[in-house]
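Given next are the chains, with one letter for each unit.
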Amino acid sequence: GFILIPSSDAWKLLLPALLPNRQPVEIFRRPHDFDINLFKHSKNLGFQIPSDLQLKPIDEPTAKNIPITASWSLLDDCFANGIGYMLFKNGELAASCVSAFSSSKKVGLDVHTQENFRLQGLAELVRYAFIEKCIQSGKSPNWERFWNKEPSLNLAKNLGFIKYEKYPVYYWEK
């Protein structure tokens, strides 16, 4: 599918003419702003990878099992400009956090937790490592999610992000 992020409400009136024979659906995104002081406070609360987990920077063989190509046309571009971490449990990929995009100032994060590893706090661990790397690189992590992802919204708060009001985007299939 495709997503249109309009710059004003006037776009809504133009959609029928711009997208004839398509039925765009209005959904919502919620942006967040990163507050490094809130993040440092969360860091002081303790961050440690349990001994049964292994955190690794993303590598090419494993990257093929993660939906990176949705954001990057070439894996080489991701490795040259992006950030990524993988979390393994007993040798199995449990969670990953990779750059959805990278600019000179910001890095968008995209996290995936394998179904059988959800609700174990693994997303928080891999995102924490990702955010640390962003800070070391002199960039700010960018977090923006769909409105209905409450666990993601709560995790954002725990990692130093301040949420803003949601805004409409329009989604349609080919």
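Criteria and thresholds
Residues numbered from 1 in each chain as written. Predicted model: local features only at pLDDT ≥ 70, side-chain atom pairs only at ≥ 80, totals over all residues. Heavy atoms only, no water. Helix = DSSP H or I, 4+ residues; strand = E, 2+ residues; numbered from the N terminus. Contact = heavy atoms within 4.5 Å. Areas by Shrake-Rupley, 256 points an atom, 1.4 Å probe, with all protein chains shown as cover. Core = buried A, V, L, I, M, F, W, Y, C linked by side-chain atoms within 4.5 Å. Buried < 20%, exposed > 50% of the residue type's maximum accessible area, 1.4 Å probe, protein only. Pairing = 2+ DSSP bridges. Axes fitted to C-alpha atoms, helices over the stretch in contact; angles between N-to-C directions. Expected span 1.5 Å × (residues − 1). Right-handed = clockwise from strand over helix to strand, strands pointing away.

Asks: Is there a simple way to explain the overall build of the chain in this structure?
Replies: Counting its regular elements, the chain contains 6 helices and 10 strands. Of all intrachain contacts in the chain linking residues separated by at least 6 positions in sequence, the fraction that spans at least 24 positions is 72%. With an accessible surface of roughly 10,600 Å², the chain has 52% of that area assigned to carbon and sulfur atoms.

Asks: What is the right way to look at the nonpolar core in this model?
Replies: For soluble globular proteins, the rule of thumb is that nonpolar side chains tend to be buried together. Counting residues in hydrophobic clusters, the biggest one holds 27 residues, and the most contacted among them are Leu-109, Leu-122, Phe-130, Ile-131, Trp-143, Leu-159 and Phe-161. Elements supplying a minimum of two residues to this core: β4 (84–89), β5 (92–102), β6 (106–113), α5 (122–136) and α6 (150–158). Sort the elements by how many residues they give to this core and α5 lands first, with 9 residues. Residues in contact with Phe-130, not counting those within four places in the same chain, are Ile-83, Tyr-85, Cys-97, Val-98, Ser-99, Val-107, Gly-108 and Leu-109.

Asks: What should I look at first to understand the sheet that holds β4 in this one?
Replies: Through backbone hydrogen bonds, the strands of a sheet pair up, either in parallel or in antiparallel fashion. Judged by pairing direction, the sheet is mixed, and its 5 strands sit side by side in the order β3-β4-β5-β6-β7 without closing on themselves. Both edges of this open sheet fall to β3 (53–57) and β7 (140–142), since each of them pairs with a single strand only. Taken pair by pair, the neighbouring strands of this sheet meet at an average axis angle of 25°, ignoring direction. Note that β4 and β5 share 6 bridges and pair antiparallel. For Tyr-85, the partnering residue across the bridge sits in β5 and is Cys-97. Running at roughly 160° to β6, α5 makes contact with β3, β4, β5, β6 and β7 of the sheet.

Asks: Before we go on, may I ask you to explain α5 in this structure?
Replies: Within an α-helix, residues lying three or four positions from one another point in the same direction, as the helix has 3.6 residues per turn. Taking 1.5 Å per residue as the helical rise, α5 with its 15 residues ought to reach 21 Å, and the 22 Å between its terminal C-alpha atoms agrees with that figure. Where burial is concerned, most of α5 is hidden: 11 out of the 15 residues are buried. Of the positions making up α5, those classed as buried are Leu-122, Ala-123, Leu-125, Val-126, Arg-127, Tyr-128, Ala-129, Phe-130, Ile-131, Glu-132 and Cys-134. Taken from the residues just after α5, Gly-138 is the one with a positive phi, measuring 75°.

Asks: Can you walk me through the pairing of β6 in this structure?
Replies: Strand residues, when the strand is regular, have side chains that alternate between the two faces of the sheet. Bridging between β5 and β6 involves 7 bridges; their strand directions are antiparallel. The partner of Ser-96 across the bridge, within β6, is His-112. With antiparallel pairing between neighbouring strands as the criterion, β5 and β6 make up a hairpin whose turn holds 3 residues. Inspection of the sheet shows β6 paired to β7 by 3 bridges, in the parallel sense. The partner of Gly-108 across the bridge, within β7, is Asn-142. One crossover worth recording links β6 to the parallel β7 by way of α5, and it is right-handed.

Asks: Mind showing me how you'd approach the pairing of strand β10 (residues 167–172) here?
Replies: Examined bridge by bridge, strand β1 (residues 2–4) and β10 share 3 bridges and lie antiparallel to one another. Each residue of the ladder has a partner; that of Ile-3, found in β10, is Tyr-171. As paired elements, strand β2 (residues 25–34) and β10 share 5 bridges and run antiparallel to each other. The residue bridging Val-25 from the neighbouring strand is Tyr-171, located in β10.

These figures capture arrangement, not role.
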